[in-house]
Amino acid sequence: MSATAAEAEDQGRRRGRGRGARERILTAAARLFATQGINATGMEQVAEAAPVSKRTLYAHFRTKNDLVIAHLRGLAASGATLEAVLTREDIPPMERLLGLFDQPAPEAEPVRGCPFIDAAAEFPDPESAVHSYAREQKLRMAQLVTALVTELGCREPATLAEQLVTLADGAASRAMVLDEADYGRHARKAAQTLLAHALPTGTA
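For clarity, every value in this text was computed on a predicted model and none was experimentally measured. (Residues numbered from 1 in each chain as written. Predicted model: local features only at pLDDT ≥ 70, side-chain atom pairs only at ≥ 80, totals over all residues. Heavy atoms only, no water.)

**Things to note about the overall build of the protein chain**
Scanning the protein chain from N- to C-terminus turns up 10 helices and zero strands. The N-to-C order of helical and strand elements in the protein chain reads α-α-α-α-α-α-α-α-α-α. Evaluated residue by residue, the protein chain yields a buried proportion of 35% over its 204 residues. Contacts spanning at least 24 positions in sequence make up 65% of the contacts within the protein chain whose residues lie at least 6 apart. (Helix = DSSP H or I, 4+ residues; strand = E, 2+ residues; numbered from the N terminus. Buried < 20%, exposed > 50% of the residue type's maximum accessible area, 1.4 Å probe, protein only. Contact = heavy atoms within 4.5 Å.)

Set out below in structure tokens:
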């Protein structure tokens with residue numbers, strides 16, 4: 001191969017690596033964050049796994065915090081989080097609520113906990129951008145549950161919602177620690193009891 005042809009091939013290869021760089025960075029970051037934790041993952045590791053140059057990485061994400069928040073925003077929009085079932089309009093409110101306790105997809109191995117709780121634990125300062133975003137998502141989860149239990153006519157909807165999200169988050173955390181995908185079945189039964197007692201008489 002001539003030098004000119006080799007240079008052209010190399011330039012083409014570089015252009016190919018440049019396409020979809022942001023998506024590749026986020027995909028690599030998600031994999032690394034899930035397997036080894038956010039704080040244990042360096043930006044150089046992300047760049048290597050993407051693969052992109054560090055210059056390209058920092059062109060898309062000026063700081064690691066920017067990358068982490070983009071990662072969490074992507075998860076929130078993906079429909080793959082604990083809260084996603086709550087916004088599904090194709091199933092009734094009660095099924096959405098109990099869906100919080102369903103086991104994850106079979107391919108989700110090992111079992112992961114709530115990514116927002118995990119992120120808040122790794123960024124314990126309540127004023128940090130990552131912790132603040134995680135808090136926003138957990139508050140939104142409670143708001144969604146409050147709206148659903150209100151729609152069902154449950155008594156004391158705000159209090160009931162806090163009880164249900166506490167059960168859901170606790171079950172997700174224990175499922176992760178124990179690596180037991182269907183651990184949520186225990187919390188689901190407790191949630192059914194809470195809902196039955198809170199529903200208007202004759203509708204349980």
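**A closer look at the pattern of salt bridges**
Under the counting rule described, the total for this entry stands at seven salt bridges. The salt bridge involving Arg-188 is made with Asp-102; its shortest N-O contact spans 2.6 Å. On the criterion of sequence distance, the pair formed by Arg-188 in helix α10 (residues 184–198) and Asp-102 in the loop between α6 (93–99) and α7 (115–122) is long-range, its members being 86 residues apart. Classification of Arg-188 as partly exposed rests on a relative accessible area of 27%. Its salt-bridge partner being Arg-185, residue Asp-182 comes within 3.2 Å of it at the nearest N-O pair. (Salt bridge = Lys/Arg side-chain N within 4 Å of Asp/Glu carboxyl O.)

**Regarding the side chain of Thr-41**
Mapped onto the fold, Thr-41 is located in the loop between α2 (21–36) and α3 (43–49). On the basis of relative accessible area, Thr-41 is assigned to the buried category, the value being 1%. Residue contacts for Thr-41: discarding those within four places in its chain leaves Leu-32, Phe-33, Gln-36, Val-46 and Lys-64.

**Considerations on α10**
Over its 15 residues, α10 extends 21 Å from the first C-alpha to the last, a length consistent with the 21 Å expected when each residue adds 1.5 Å. Within α10, burial applies to Gly-184, Ala-187, Ala-191, Leu-195 and Ala-198. Looking straight down α10, one finds its buried side chains confined to an arc of 75°; they lie on one side. Residues of α10 that are exposed and point more than 90 degrees away from the buried face comprise Lys-189 and His-197. (Expected span 1.5 Å × (residues − 1). Arc of directions from axis to C-beta.)

Nothing here speaks to function; it is all geometry.
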